[in-house]
Amino acid sequence: MDVFVTGGTGGIGSAVVKQLVQDCCQVIGLSRSDQSAEKLRRLGASAYPGDLRDPATWVERATACDAVVHLGATFSSDMARSTG
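This one's a predicted model, so the numbers in the text were calculated from it and none came from an experiment.

Caption draft 1: Quick peek at the nonpolar core. Judged by nonpolar contacts, Val3, Val5, Val17, Leu20, Cys25, Val27, Leu40, Leu43 and Ala45 together constitute the single largest core of nine residues. Sorting the residues of this core by element identifies strand E1 (2–6) and helix H1 (11–22) as the ones contributing at least two each. Discounting chain neighbours no more than four positions away, the residues touching Ala45 are Val17, Val21, Val27 and Leu40. Among the nonpolar cores identified, the runner-up in size contains seven residues, and Ile28, Leu30, Trp58 and Ala62 belong to it.

Here is the structure:
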């Protein structure tokens, strides 16, 4: 199973990535930097470059997966603002 994960390098996210990898899932983690990409690789996942704040950079890849686990947050002042 291919699983796309946002927030995979955070405290909760890295634990989820580890468990998914242990469960033999192919984990693809959204990565905003080289450092987060390296951390994802150390956890056994692959890294997909993009920015959570810019879905155009990653949503197509995420929707091609069997599942999406969204654990990411931008922590910006408008994070909870509705767009609809």
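Caption draft 2: Highlighting the side chain of Ser36. Mapped onto the secondary structure, Ser36 falls in helix H2 (residues 34–42). At 3.1 Å, the side chain of Ser36 forms a polar contact with the backbone oxygen of Ser33.

Caption draft 3: The arrangement of the pairing of strand E2 (residues 26–31) in detail. Of all six residues in E2, five are buried; the element is thus mostly enclosed. Of the pairings in the sheet, the one linking E1 to E2 comprises four bridges and is parallel in character. Bridge pairing in E2 links Val5 to Gly29. Where the polypeptide runs from E1 across H1 and back to E2, its parallel neighbour, the crossover connection is right-handed. In this sheet, strand E3 (residues 46–49) lies alongside E2 in parallel orientation, the contact comprising four bridges. By the bridge assignment, Ser31 is partnered in E3 with Pro49. Running through H2, the crossover from E2 to the neighbouring parallel element E3 is right-handed.

Cut-off values and rules
Residues numbered from 1 in each chain as written. Predicted model: local features only at pLDDT ≥ 70, side-chain atom pairs only at ≥ 80, totals over all residues. Heavy atoms only, no water. Core = buried A, V, L, I, M, F, W, Y, C linked by side-chain atoms within 4.5 Å. Buried < 20%, exposed > 50% of the residue type's maximum accessible area, 1.4 Å probe, protein only. Helix = DSSP H or I, 4+ residues; strand = E, 2+ residues; numbered from the N terminus. Contact = heavy atoms within 4.5 Å. Polar contact = N/O pair within 3.5 Å; in protein donor to acceptor, adjacent residues only side chain to side chain. Pairing = 2+ DSSP bridges. Right-handed = clockwise from strand over helix to strand, strands pointing away.

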